[in-house]
Amino acid sequence: MLFSNLAVSKVVAAQLNRFTRCEHIAKRSCSALTSNAFGRGDQSSIQSPATARLSHVSGLASKSIVSVSQSHTNHSRRQREFALLNNSCTTAHPFSSAATEIDHDDETTTSYTIKRRQGVRNVAIVAHVDHGKTTLVDELLKVAAASSSKAAAGGDNNNNNNSADDAEVDLNRLMDSGDLEKERGITITSKVTRLDYTTNDGKEDYIINVVDTPGHADFAGEVDRILGTVDGVVLVVDAGEGPKSQTKYVLSCALNLGLKPIVVLNKADREESLGRLEGGETELELMDLFEALGADDNQMEYRTLYGSARGGWITEDVDVALKIASDGGVDKDGASSNMSGLLNAILEEIPEPPLHWYGESSDDEKNLSDYAEQPFSMTATTVGMDPYLGRTCTGRIYSGQIKIGEAVTLLKRQSGSDSQAVNNSNGPSSSVTGLFANRGVSRVSLEPAVAYAGDIVTLAGIPETMKVGDTLTSTDNQVPNAIDTPPLAPPTLSCLFGANNGPLAGREGTIVASSRVRARLINETDNNVTLTVELCEADAEKTVVFGRGELQIGILVEQMRREGYEMIITPPQIITSTCPTTGQKLEPYEEVVVDVDTEYSGTVVNALTGSRKGVLVEMVDDAQGKARLKFEIPSRGLLGFGPEVATATRGTAVMHHMYLEDREYAGPIGQGSDRGKLVCNEMGKATLFALESLQARGTLFVAPGEMVYPGMVIGENAKSGDLEVNPVRAKATNNMRTQAKDEKLYLTPPKKFSIEELIGYMSEDEVIEVTPQSVRLRKSELDSGVRERAARSRKKQMDASKAKGGKK
């Protein structure tokens, strides 16, 4: 009875804290509205927004009161959760869906207890794109390096041999280490870095493994696979923009896995953030989002911090944050701290990593020396190939310990249908030749060379067939089963990859064979788990690649062309499925959020709700002249929409999208404008003389001196239908003289597309030709006569179809 009362009292206290927070936001919101209205001399404008906001916050507070009363009737469920927190039950970390409720009747499953590893925290930084994740990680690296250096100066500290070196490294967006990440300013792959942090009093040393994750929806698979290795998340939200589509996705993943969240309202020093912080708008939106995603009472009690990663400061007091922001990012009163406040919050809020402890289940605290008796198990979240070390993998250790020279065996990842199938304990084995930790972007050997359960490390010398999601275990003392990994969201589109068969094939690239292209694509799937590669049944020379979106496919193609590959890519096809119940054809739908100037909101609505079959579900205007539009639209309707909306809104529109679900097929969809293309009919180098006369016909894609050939698309026609043109025509060099001097020719700079933009822009009868030096758009059929006959045939079929429909 005492245990039940204690569990219920904790829940009641949490709900009362939530009610107090709602009340505080309401007071601050009304105060901001009142001061703004008095500043404008319009007191009557207070009533409507203030009343609406008070009503909204009162609703949240009422839910808190209801939750308090319900907590007394649900104490049995809370008792089980409390028991889990005290490690008294045999459940696993949410990373393993099969182990969350162990079936003791299954002879192939051996129960284990959950222990906690002291002194270690594993946390992921998740956010929407461009909300400041990577900059925040850079600041955490600086603070951890400074704390370690300070502790080392005061005495011996053998755990931080590289801290002084790390402090001298340029930490400006350090985690975005890839060439494409630096060029585009986005995070493409998840990366783990290890922080050796010493508390301010210098008495305690901690290991904090921080994972930087991508923020773009096309790379959401990186978030899916990495969240299973951590025990909490730091959700970074732009205080001026509030939660976006990818914020919703990453938060839903974290909440479903039962992870503990910490919220950081970043960029609090910007002008557009001040009003939203004063009025509590961003906090209310976050509370609504947590409610909508089904956060439990423990997750609803998230800690909120306010700060600026670029400014290097953070605080838990919103009033202090507003004062620092109004003072230009300078803390004149010394009330705030640097990013150590976030590291301290991680130590206080994020639980220690759970360990799988096989055998005896005493409640005694375990020492590191006791780990040697346990079977070693580790799951891979990243695999790679080092020219000196061989096959490598990075992942989290779930049980036991590992040293250099010990033998490990591979247990293949099993799907739900295979979970009770054959025991794969006889998988390939090898000896560990290297044991590393990642500090920043550097891979550093562990000293001493031993890693324990709860650590996230990199192993070298693993079996060659190791893939993401597989399990490594000690050969002599194996775990009974492979650790299950969470399922990934399905791909939404596919493209065909093939060898370049154009007239310029082999002139710019060194790898042109279709077999080499296919082998490279298959190797990509070892680490990029959201990509699927299959052989094309219709054409043996082509390969089908399934992915999440245009950007993901574009990044892959860009990486391959920089490696010397030549290839062609066909237009993307949306992946459809069949409903097993109704037999209807289904296609993926996405939620699209567009932030645009109010004057262009009508243009965006018309573009998405017309032939693209989108539905406007929400429209919000703010005081800064911006509108936020939310749509639900078939994924097919988004192909090519990015460049179109950028042109229509003069570059003011910012679009984000996220996969929702599969719904009934929407029928034929238009792709915006029906303008044709300017198609070259001669081979040679484009001349200024010819292009100057052609620019009146439309928008050019090529510059003088570029090689062109028949069938290549050199521009967009201003009218519907394709137009055959000659861009290599030169000025006649005869002896004819004119009275006037030669006129000077002027040419508008050509329009250039990135690969992902071309993927969405090209028509059904076109392909992209990619080489290390050029990216060209051309017709799949280069012979103009064949194209004309095919166009006439399609026109006859369409006319016949319309006539048949009219008779009915």
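Residues numbered from 1 in each chain as written. Predicted model: local features only at pLDDT ≥ 70, side-chain atom pairs only at ≥ 80, totals over all residues. Heavy atoms only, no water.

### Examining the overall build of the protein
When helices and strands are counted, the protein shows 20 helices and 37 strands. Counting across all 808 residues of the protein, residues that qualify as buried make up 51%. Summed over all atoms, the accessible surface of the protein reaches about 37,500 Å², with 49% contributed by carbon and sulfur. (Helix = DSSP H or I, 4+ residues; strand = E, 2+ residues; numbered from the N terminus. Buried < 20%, exposed > 50% of the residue type's maximum accessible area, 1.4 Å probe, protein only. Areas by Shrake-Rupley, 256 points an atom, 1.4 Å probe, with all protein chains shown as cover.)

### A word on the packing of aromatic side chains
On inspection of all chains with the given rule, the structure shows 6 aromatic pairs. Ring centres 4.3 Å apart and planes at 25° place the aromatic pair Phe-290 and Tyr-302 in the stacked group. Of the two residues, Phe-290 sits in helix 10 (residues 281-292) while Tyr-302 sits in the loop between helix 11 (297-300) and strand 7 (303-308), which places them 12 residues apart along the sequence. Geometrically, the ring pair formed by Tyr-371 and Tyr-452 is edge-to-face, given 5.8 Å between the ring centres and 85° between the ring planes. With Tyr-371 in the loop between strand 9 (354-358) and strand 10 (377-386) and Tyr-452 in strand 17 (residues 450-452), this residue pair connects regions lying 81 residues apart in the sequence. The exposure class of Tyr-371 is buried, given its relative accessible area of 3%. (Phe/Tyr/Trp six-rings, centres within 6.5 Å; stacked < 30°, edge-to-face > 60°.)

### A look at unusual backbone geometry
A cis amide bond links Glu-447 with the next residue in sequence, Pro-448, at an omega value of 0°. Locating Pro-448 in the fold gives a position in the loop between strand 16 (442-445) and strand 17. Even without being glycine, Lys-267 reaches a positive phi, approximately 60°. In this fold, Lys-267 is placed in the loop between strand 6 (260-266) and helix 9 (271-279). Its identity is not glycine, yet Lys-613 carries a phi of approximately 65°, on the positive side. Note that Lys-613 resides in the loop between helix 16 (601-609) and strand 27 (615-621).

### Notes on helix 17 (residues 641-648)
When helix 17 is considered as a whole, its buried residues turn out to be Phe-641, Pro-643 and Val-645. Of the surrounding elements, those touching the buried residues of helix 17 are helix 16, strand 29 (654-664) and helix 19 (755-761). Just past helix 17, the residue Arg-650 takes up positive phi, approximately 55°. (Contact = heavy atoms within 4.5 Å.)

### Digging into the packing of helix 9 against helix 10
Their axes nearest at 5 Å, the elements helix 9 and helix 10 cross at an angle of 65°. Side by side, helix 9 and helix 10 meet where Arg-276, Leu-277 and Gly-279 of the first sit next to Glu-281, Thr-282, Glu-283 and Glu-285 of the second. (Axes fitted to C-alpha atoms, helices over the stretch in contact; angles between N-to-C directions.)

### A few points about the sheet that holds strand 2 (residues 120-127)
Taken in spatial order, the 7 strands line up as 3-4-2-5-6-7-8 in an open sheet, and their pairing is mixed. Because the sheet does not close on itself, it has two edges, and the strands there are strand 3 (191-198) and strand 8 (313-315). With strand direction ignored, the average angle separating the axes of adjacent strands in the sheet is 25°. Sheet topology note: the strand 6/strand 7 ladder contains 4 bridges and is parallel. Among the inter-strand pairings, Val-264 is bridged to a residue of strand 7, identified as Leu-305. Those strands touched by helix 10 are strand 5 (232-238), strand 6 and strand 7, and its axis lies near 155° from that of strand 6. (Pairing = 2+ DSSP bridges.)

### Some details on the pattern of salt bridges
Across all of its chains, the model carries 36 salt bridges by this definition. Between Lys-142 and Glu-139 there is a salt bridge, with its nearest N and O atoms 3.4 Å apart. In this pair, Lys-142 and Glu-139 both sit in helix 4 (residues 133-154), 3 residues apart, roughly one turn of the helix. A salt bridge links Lys-779 to Glu-766; its shortest N-O distance comes to 3.1 Å. Note that Lys-779 is positioned in strand 37 (residues 775-779) and Glu-766 in strand 36 (residues 766-770), a separation of 13 residues in sequence. Judged by relative accessible area, which is 1%, Lys-779 ranks as buried. Each member of the salt-bridge network shares a partner with another, and the members are Lys-677, Asp-722, Asp-765, Glu-766 and Lys-779. (Salt bridge = Lys/Arg side-chain N within 4 Å of Asp/Glu carboxyl O.)

### Section: the packing of helix 14 (residues 514-524) against helix 15 (residues 550-562)
At a closest axis distance of 12 Å, the pairing of helix 14 and helix 15 adopts a crossing angle of 125°. Judged by the inter-axis angle, helix 14 sits oblique to helix 15. Regarding helix 14 and helix 15, the two cross each other, and that crossing is right-handed. Listed contacts from helix 15 to Val-517, Arg-520, Leu-521 and Glu-524 of helix 14 are Leu-556, Gln-559 and Met-560. (Parallel < 35°, antiparallel > 145°, perpendicular 65-115°, else oblique. Left-handed = near helix turned anticlockwise from the far one by under 90°.)

### Quick word on the nonpolar core
Val-126, Leu-227, Leu-235, Leu-265 and Phe-290 are the most contacted members of the largest nonpolar core, which totals 42 residues. Looking at this core, the elements that each hand over two or more residues are strand 2, helix 7 (220-226), strand 5, helix 8 (245-256), strand 6, helix 10 and helix 12 (318-326). In terms of residues, this core owes the most to one element, helix 8, which gives 6 residues. (Core = buried A, V, L, I, M, F, W, Y, C linked by side-chain atoms within 4.5 Å.)

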